[in-house]
Amino acid sequence: MSDHGMMEKEEIYSKVLRAGRRTYFFDVRATKAGDYYLTITESKKFTNDDGSFHYKKHKIYLYKEDFSEFNEILREMTDYIISEKGDEVISERHQKDFKKEEYTSNDDVVESVESTDDSDSADKFTDINFEDI
């Protein structure tokens, strides 16, 4: 039997999380000795210039002896992010009213909502401290 056939046979329990262009697969699998382990696969869809697409996959194998520490660190990191930034998504492209900017051939941004006059354009800039990045 091929290795691929064995992998399909060893899958015990699965869950899928679809998140935009990414899909996460959580799969419980069995070792040859009959013990269980977890695989977490991130699959991300990419579109080629010709309209065709392909997927890039990254996989993590997580074994029982690491569950406790993994869960502890994952909880600590996710709690830290939520406490520091809240659970609202900050990225513009994830906002409901996000409008993709259009670019001209000379890479100037064409505003997609409405044009502004130059008198108030300086007011739209924010001071950036590069040490914060």
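Residues numbered from 1 in each chain as written. Predicted model: local features only at pLDDT ≥ 70, side-chain atom pairs only at ≥ 80, totals over all residues. Heavy atoms only, no water.

Some details on the packing of aromatic side chains
So, point 1. Considering all chains together, one arrives at three aromatic pairs under this definition.
So, point 2. An aromatic cluster is built from Tyr37, Tyr61 and Tyr63, whose rings are joined through pairwise contacts.
So, point 3. Over the face of the ring belonging to Phe53 we find Lys45, whose NZ or CZ atom lies 4.2 Å from the ring centre.
So, point 4. Taking the ring centre of Phe46 as reference, the NZ or CZ of Lys56 above it sits at 5.1 Å. (Phe/Tyr/Trp six-rings, centres within 6.5 Å; stacked < 30°, edge-to-face > 60°. Lys NZ or Arg CZ within 6 Å of the ring centre and 35° of its normal.)

Things to note about the confidence of the model for the protein chain
So, point 1. Of the residues in the protein chain, 61% have a pLDDT of 70 or more, and the chain-wide mean is 76.
So, point 2. Across the protein chain, the element-wise mean pLDDT spans from 44 in strand β6 (residues 109-110) up to 96 in helix α2 (residues 64-85).
So, point 3. Here residues 103-122 is modelled with pLDDT under 50, and outside its nearest four sequence neighbours on either side it reaches twelve contacts, counting other chains as well. (pLDDT = per-residue confidence, 0-100. Helix = DSSP H or I, 4+ residues; strand = E, 2+ residues; numbered from the N terminus. Contact = heavy atoms within 4.5 Å.)

Here we look at α2
An α-helical segment advances 3.6 residues per turn. Residues three or four places apart therefore align on the same side.
So, point 1. Under the 1.5 Å per step criterion, the end-to-end length of α2 is 31 Å for 22 residues, consistent within 8% with the ideal 32 Å.
So, point 2. Where α2 bends most, at Phe70, the angle is about 25°.
So, point 3. At the C-terminal side of α2, Gly86 shows a positive phi close to 75°. (Expected span 1.5 Å × (residues − 1). Bend = angle between axes of the 7 residues up to and from the residue.)

Some points on the pattern of salt bridges
So, point 1. One pass over the structure, following the stated rule, counts four salt bridges.
So, point 2. Residue Asp35 pairs with Lys64 through a salt bridge whose shortest N-O separation is 2.7 Å. Of this pair, Asp35 sits in the loop between β2 (22-30) and β3 (36-47) while Lys64 is found in helix α2, placing the two residues 29 residues apart along the sequence.
So, point 3. A relative accessible area of 36% means that Asp35 is categorised as partly exposed.
So, point 4. Taking relative accessible area as the criterion, Lys64 reaches 44% and is therefore assigned partly exposed.
So, point 5. Note that Asp79 and Arg75 form a salt bridge whose closest N and O atoms lie 3.9 Å from each other. Of this pair, Asp79 and Arg75 are both found in helix α2, four residues apart, which corresponds to roughly one turn of the helix.
So, point 6. Among the residues examined, Asp79 registers a relative accessible area of 40% and is labelled partly exposed.
So, point 7. Judged by its relative accessible area of 54%, Arg75 is exposed. (Salt bridge = Lys/Arg side-chain N within 4 Å of Asp/Glu carboxyl O. Buried < 20%, exposed > 50% of the residue type's maximum accessible area, 1.4 Å probe, protein only.)

Comments concerning the sheet that holds β2
So, point 1. The sheet built from four strands is open, its strands ordered β1-β2-β3-β4 with antiparallel pairing. Unpaired on one side and paired on the other, β1 (11-19) and β4 (53-63) mark the two borders of the sheet. Across the sheet, the mean angle from the axis of one strand to that of its neighbour is 20°, orientation sign disregarded.
So, point 2. One ladder, built from nine bridges, connects β2 with β3; its direction is antiparallel. Residue Tyr24 lies in a different strand from β3, and its bridge partner there is Glu42. (Pairing = 2+ DSSP bridges. Axes fitted to C-alpha atoms, helices over the stretch in contact; angles between N-to-C directions.)

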